[in-house]
Every structure is written in C-alpha cells, then in structure tokens.
Amino acid sequence: MLIRLDPASPEPLFAQLAGAVRGAIARGELAAGERLPSARELAESLGLNVHTVLHGYQRLRDEGLVELRRGRGAVVTPAGADGLARLRHALADVTAEARRLGLSADELTDLIRKEYS
C-alpha cells in the first residue's frame, strides 16, 4: 500500500492518511484481517507525528473500517473489506435501472459525476 500525502492540501494530514487507507481497502489492496503498519512505523516513514497517524487510524475505526487492538495495532475489519463488493452490487443495480430507462453509458456517467461532486 502506497500512501501519498500533500502537505500543501487544505485537507488535514490525518484525513489524507485515512482517505489513502480507505481507498486501499476499497480497491482490495488490504483484506479483512490484514494488519496496517504500526502508528510509529508509518509516522516515521511519512515524516509525521505519531499522533497524526493515530488520529487517522481512529477515524477509520469510527467508520468501522479497522479495529484498533492494544498491542496488535490496526486490523482491517470484514465490514471494511466488503465495502467495494457492496458498491459493485449497488452499481450493478444502478446500471440495470439505467438500461431499463434507456440511458446511455455516457448519460449515466454524467449523472454519476453530477451526484458525486
């Protein structure tokens, strides 16, 4: 898992870190039960304060994506790892409905872009 942070971004570093891990989980790069690097290791490798990493991990815990275990670190939860599968299932439903309504792929893509922004 590669984590890139932008110190010039208005988004706080802990939120960028949480977003990078969230994305890795969604893409299937991190599986259920997989351990994340320790907060100390990750802080050192990214040049961050350990509390910044812990704040990012706590955000992921609050979202139900990881479980924090004293002495064992952060572990990806089954619910977190299933996120992409749920999204793909929902997307299949949306595309089926779009076809039923006669929307083209471009029209559906435009609709998603408008909703996403």
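Residues numbered from 1 in each chain as written. Predicted model: local features only at pLDDT ≥ 70, side-chain atom pairs only at ≥ 80, totals over all residues. Heavy atoms only, no water.

Chemist: Tell me about the pairing of strand 1 (residues 66-69), and please be specific about residues and values.
Modeler: Bridge analysis of strand 1 against strand 2 (residues 73-76) gives four bridges, and the strand direction is antiparallel. Residue pairing in the sheet places Glu67 in a bridge with Val75 of strand 2. Hairpin remark: strand 1 followed by strand 2, antiparallel, with three residues in the connecting loop; positive phi at Gly71, about 85°. (Pairing = 2+ DSSP bridges. Helix = DSSP H or I, 4+ residues; strand = E, 2+ residues; numbered from the N terminus.)

Chemist: Let's hear about a nonpolar patch on the surface: which residues, and what values?
Modeler: A contiguous nonpolar surface patch, about 430 Å² in accessible area, is contributed by Leu91, Val94, Ile112 and Tyr116. Within the residue set of the nonpolar patch, elements represented by two or more residues are helix 5 (83-100) and helix 6 (105-116). Inspection of the secondary structure assignment puts Val94 in helix 5. (Patch = residues over 30% accessible without salt bridge, like charges linked within 9 Å, V, L, I, M, F, W, Y side chains within 5 Å. Areas by Shrake-Rupley, 256 points an atom, 1.4 Å probe, with all protein chains shown as cover. Salt bridge = Lys/Arg side-chain N within 4 Å of Asp/Glu carboxyl O.)

Chemist: Go over the environment of Phe14 with me, naming the residues and quoting the values.
Modeler: For Phe14, the position within the fold is in helix 1 (residues 13-26). Judged by relative accessible area, which is 15%, Phe14 ranks as buried. Remark: the alpha-carbon pair of Phe14 and Ser117, spanning 103 residues in sequence, is separated by 22 Å. The contacts of Phe14, once residues within four sequence positions are left out, are Thr52, His55, Gly56 and Arg59. (Buried < 20%, exposed > 50% of the residue type's maximum accessible area, 1.4 Å probe, protein only. Contact = heavy atoms within 4.5 Å.)

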